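Residue-level listing of the chains:
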Amino acid sequence: MSKGYKILISGGGTGGHIFPALAIAEEIKKRFPDAEFLFIGAKGRMEMEKVPQEGYKIEGLNIAGLNRKNKLKNLSLSLKLISSLLKARQIITKFNPDFAIGTGGFASGPALFMARILNIPIYIQEQNSVPGKTNLFNGRKARAVFTAYPDMDHFFPSSQTFYLGNPVRKSILSRQISPYEARKRLGLKKDELTILSVGGSQGSRAINNAWKAHLRDLEKNNIQLVWQVGALDYKEISAFVNSENLSQKNLIIIEFIKDMATAYSAADIIVSRAGAIAISELCLVGKPVILLPLPTAAKDHQTKNAQVLVEKNAAKMVRDEEIKEKFWEEVMSLCKNKTLREELANNLKRFAKPEATENIVTQILKTIQ
């Protein structure tokens, strides 16, 4: 591979598409410092901000997905798709990459399709147990497809499908500390059972409401909670806790957790949504998990992500419609049963792929060479 290698990368819309793309770019850059990168994203989406923050160039396409709530807004979709294909062709022809990588999202569709039309080798990284439409479409003609779940060759050509895992933050592993030290840093009691609850960067109202109904139960059972509530509910939940005169000795309410490594280390049990990257991190952490899939996720992929783990006795799952009847029951069953916690954790670790990013890049290099 030449030092002047050029790589086109497209993926965005959510962190689940952007962060794997950035991780792959960083690994290639580590091996080939003189490599040149260009990202293609969708105008107005978070990649247009996140990618430049990491020092990479990005071009934007005027593309969007189907609007299921307001179908009138879909009338302009065909025009947007045509203009995005033409713009992608222009960008790719000018940049002339040696290969292209797609991680899903609106822009990845036209970008990778046009790269393929221009005879540029394409690679797909699929984060979920059910592929998105973009990756499914482009993956059939990809030189290789890298998946985070086993048995995905019924979606993609089996000879080109590699189960290598999702690229995740290295700090999750490198900065792990003992539970006692982590709790001390967070201002919690070192020897009390601790639950970490995360609902994504925006938080989860369903998870937040579940905890609101059981804050006194936590206190009665000497259970500590590190609770990422998200930006939307932070003020309301803080006011609720104060108005109810709840003791906050066993409770940490955080809008957004920046130091996830410490939060993971502190936990005996983790409650989380079932996004692909979140699950990949949880597999590395290896703690017993209760997953609450986001029901509005495309193709209900979060439920399917969680179900793969549930079937292997590697996690517990509570759907949003089951929260009132089942949530607290599952929490307490784990709190009271150390053997069950150890069993779930050990089974979850079997899904861990700590070298995912390195292995993906190595496989790309093999096929390119």
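In case you missed it, the structure is sitting above this.
Residues numbered from 1 in each chain as written. Predicted model: local features only at pLDDT ≥ 70, side-chain atom pairs only at ≥ 80, totals over all residues. Heavy atoms only, no water.

1. A word on the overall build of the protein chain
Next up, step 1: Each helix and strand in the protein chain was counted, giving 16 helices and 13 strands.
Next up, step 2: Against the globule reference of 21 Å for 369 residues, the protein chain gives a C-alpha radius of gyration of 22 Å, in line with a compact fold.
Next up, step 3: The principal-axis extent of the C-alpha atoms belonging to the protein chain is close to 65 × 45 × 35 Å.
Next up, step 4: When burial is assessed residue by residue, the protein chain has 53% of its 369 residues classed as buried. (Helix = DSSP H or I, 4+ residues; strand = E, 2+ residues; numbered from the N terminus. Rg over C-alpha atoms; globule rule 2.2 N^0.38 Å. Buried < 20%, exposed > 50% of the residue type's maximum accessible area, 1.4 Å probe, protein only.)

2. Remarks on the packing of helix α3 (residues 77-95) against helix α4 (residues 108-117)
Next up, step 1: Packing of α3 against α4 leaves a shortest axis separation of 9 Å and a crossing angle of 55 degrees. Relative to α4, the element α3 lies oblique. Between α3 and α4 lies a crossing of right-handed hand. Taken together, the residues of α4 that come into contact with α3 (itself represented by S84, L85, A88, R89 and I92) are P110, A111, F113, M114, A115 and I117.
Next up, step 2: Classifying every residue of the contact of α3 with α4 gives nine nonpolar, one polar and one charged. (Axes fitted to C-alpha atoms, helices over the stretch in contact; angles between N-to-C directions. Parallel < 35°, antiparallel > 145°, perpendicular 65-115°, else oblique. Left-handed = near helix turned anticlockwise from the far one by under 90°. Contact = heavy atoms within 4.5 Å. Nonpolar A, V, L, I, M, F, W, Y, C, P; charged D, E, K, R; others polar.)

3. Considerations on the pairing of strand β3 (residues 58-61)
Next up, step 1: Of the strand pairs in this sheet, strand β2 (residues 36-42) and β3 are connected by four bridges, and their pairing is parallel. What sits directly across from G41, in β3, is G60.
Next up, step 2: Remark: the β2/helix α2 (residues 47-53)/β3 crossover connection has right-handed handedness. (Pairing = 2+ DSSP bridges. Right-handed = clockwise from strand over helix to strand, strands pointing away.)

4. Observations regarding empty space enclosed by the protein
Over the atoms, a rolled probe matching the size of one water molecule traces out where space is still vacant.
Next up, step 1: Using the criterion set out here, one finds three cavities of 30 Å³ or more in the structure.
Next up, step 2: Taken as a whole, the largest cavity encloses approximately 120 Å³ of empty space.
Next up, step 3: It is helix α12 (residues 276-285) that provides the largest number of residues to the lining of the largest cavity, a total of five residues.
Next up, step 4: Residue composition of the lining of the largest cavity, grouped by class: 11 nonpolar, three polar and one charged.
Next up, step 5: Volume-wise, the second largest cavity comes out at about 70 Å³.
Next up, step 6: As for the second largest cavity, its lining consists of N166, P167, V168, R169, K170, L173, L284, K353, P354, A356 and T357.
Next up, step 7: Looking at the lining of the second largest cavity residue by residue, the class counts come to six nonpolar, two polar and three charged. (1 Å grid on protein atoms, 1.4 Å probe; cavity = no way out; pocket = protein on both sides within 12 Å on 5 of 7 lines; lining within 4 Å. Points joined across faces, edges and corners; volume = space filled by probe spheres on them.)

5. Observations regarding the sheet that holds β3
Next up, step 1: Spatial strand order, β3-β2-β1-β4-β5-β6-β7: seven strands in an open sheet with parallel pairing. The open sheet has two edge strands, β3 and β7 (161-163), and neither has a second partner. Strand-to-strand twist across the sheet, computed as the mean angle between neighbouring axes with direction ignored, equals 20 degrees.
Next up, step 2: Note: strand β1 (residues 6-11) against strand β4 (residues 99-104), five bridges, orientation parallel. Across the sheet, the residue bridging to G11 is G104, located in β4.
Next up, step 3: Where helix α1 (residues 15-31) meets the sheet, it contacts β1, β2, β4 and β5 (122-126), and its direction lies at approximately 150 degrees from that of β4.
Next up, step 4: Along the sheet, helix α16 (residues 356-368) makes contact with β4, β5, β6 (144-147) and β7, crossing β5 at roughly 160 degrees.

6. So, the packing of aromatic side chains
Next up, step 1: Evaluated as defined, the whole model comprises eight aromatic pairs.
Next up, step 2: Judged by centre distance (5.6 Å) and plane angle (80 degrees), the rings of F99 and Y123 are edge-to-face. A residue pair is termed long-range when its members are at least 10 positions apart, and F99 in strand β4 and Y123 in strand β5 qualify at 24 residues.
Next up, step 3: Judged by its relative accessible area of 0%, Y123 falls in the buried class.
Next up, step 4: Within the aromatic cluster, the residues linked to one another by ring pairs are Y5, F99, Y123, F146 and F162.
Next up, step 5: The positively charged end of K6 is found above the aromatic ring belonging to F95, 5.3 Å away from the centroid.
Next up, step 6: The ring centre of Y163 lies 4.1 Å from the NZ or CZ of K353, which sits over that ring. (Phe/Tyr/Trp six-rings, centres within 6.5 Å; stacked < 30°, edge-to-face > 60°. Lys NZ or Arg CZ within 6 Å of the ring centre and 35° of its normal.)

7. So, the packing of α1 against α16
Next up, step 1: Interaxial distance between α1 and α16 falls to 9 Å at its minimum, and their mutual angle equals 65 degrees. Crossing hand, α1 versus α16: right-handed. Residue-level contacts link A23, I24, E27, I28 and R31 of α1 to T357, E358, I360, V361, T362 and L365 of α16.
Next up, step 2: Residue composition of the contact of α1 with α16, by class: six nonpolar, two polar and three charged.

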